[in-house]
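# Examining the three-dimensional arrangement
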Amino acid sequence: AAGFITLQISGSLYIILTNPYSRQYKPVTNYVLHHAQPGDRIVGTSELAFSIGFDRLHDDIALGYYAGKKPTLIILSPRYQAWYAAMRGTPVYDFVQNRLLQFRPVFGTEAFEVYMPKDLATERTR
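What you see is a predicted model; the values in this text were computed from it and never measured. (Residues numbered from 1 in each chain as written. Predicted model: local features only at pLDDT ≥ 70, side-chain atom pairs only at ≥ 80, totals over all residues. Heavy atoms only, no water.)

## Examining the pattern of salt bridges
Rule in force here: The salt bridge definition used is simple: a Lys or Arg side-chain nitrogen within 4 Å of an Asp or Glu carboxyl oxygen. Helix and strand definitions here come from DSSP, where helices need a minimum of 4 consecutive H or I residues and strands a minimum of 2 consecutive E residues; each element is numbered from the N-terminal end. Only protein chains enter the accessibility calculation, which uses a 1.4 Å probe; a residue is then buried when its area is under 20% of its type maximum, exposed when over 50%, and partly exposed in between.
This model, assessed by the stated rule, comprises two salt bridges. For the salt bridge of R41 with D60, the shortest nitrogen-to-oxygen distance reads 3.5 Å. On the criterion of sequence distance, the pair formed by R41 in the loop between α2 (20-35) and β1 (42-43) and D60 in the loop between β2 (57-58) and β3 (73-76) is long-range, its members being 19 residues apart. Owing to a relative accessible area of 13%, R41 belongs among the buried residues under this scheme. On the basis of relative accessibility, which here comes to 12%, the residue D60 falls in the buried class.

## Quick word on the sheet that holds strand β4 (residues 103-108)
In sheet architecture, strand pairing relies on hydrogen bonds along the backbone and comes in two forms, parallel and antiparallel. This is how the line gets drawn: Here the rule is simple: two strands pair whenever DSSP picks up at least two bridges between them. Residue contacts follow a heavy-atom distance rule, with two residues in contact if any of their heavy atoms lie within 4.5 Å. Helix axes are fitted only over the stretch in contact, all axes being lines through C-alpha atoms; the angle between N-to-C directions runs from 0 to 180 degrees.
Across the sheet, five strands lie side by side as β2-β1-β3-β5-β4; this open sheet has mixed pairing. Strand pairing shows two members of the sheet lacking a second neighbour, β2 and β4, which therefore form its edges. With five bridges connecting them, β4 and strand β5 (residues 113-117) associate as antiparallel partners. When the sheet's bridge partners are listed, F107 is paired in β5 with V114. Sheet strands touched by helix α4 (residues 78-86): β1, β2 and β3. Its angle to β3, the strand with the most contacts, is close to 85 degrees.

## Structural notes on the pairing of β5
For β5, the tally of buried residues reaches four of five residues, placing the bulk of the element in the interior. With three bridges connecting them, β3 and β5 associate as antiparallel partners. Paired with I74 across the strands is Y115, a residue of β5. Between β4 and β5, which pair antiparallel one after the other, the connecting turn spans four residues.

See the structure below:
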């Protein structure tokens, strides 16, 4: 019982001390909300929708391969990166890599990285 309690307290203390919400999540969502415009297709993991909006965020891990729509902003996360590594050597992986070549990173934290199309990034990040 003591080991279980210690494990629970340690996990909670780790979350409290590292504060991933304020250090990783919130800066990215604030950046996206500040730079996104109405009608932009924002692609990222579903947990970002709590701040960005469920009507604005699309969890399209294949970056338009199946949907046929090009993102305006891409927010890469560890979940997306792990999926891409698992898909290596497939047509979807090749599509994603080619799509990412059209974008450049404009903002990031330890867990998330925001990408915009190269021409749009220059215009919006001035």
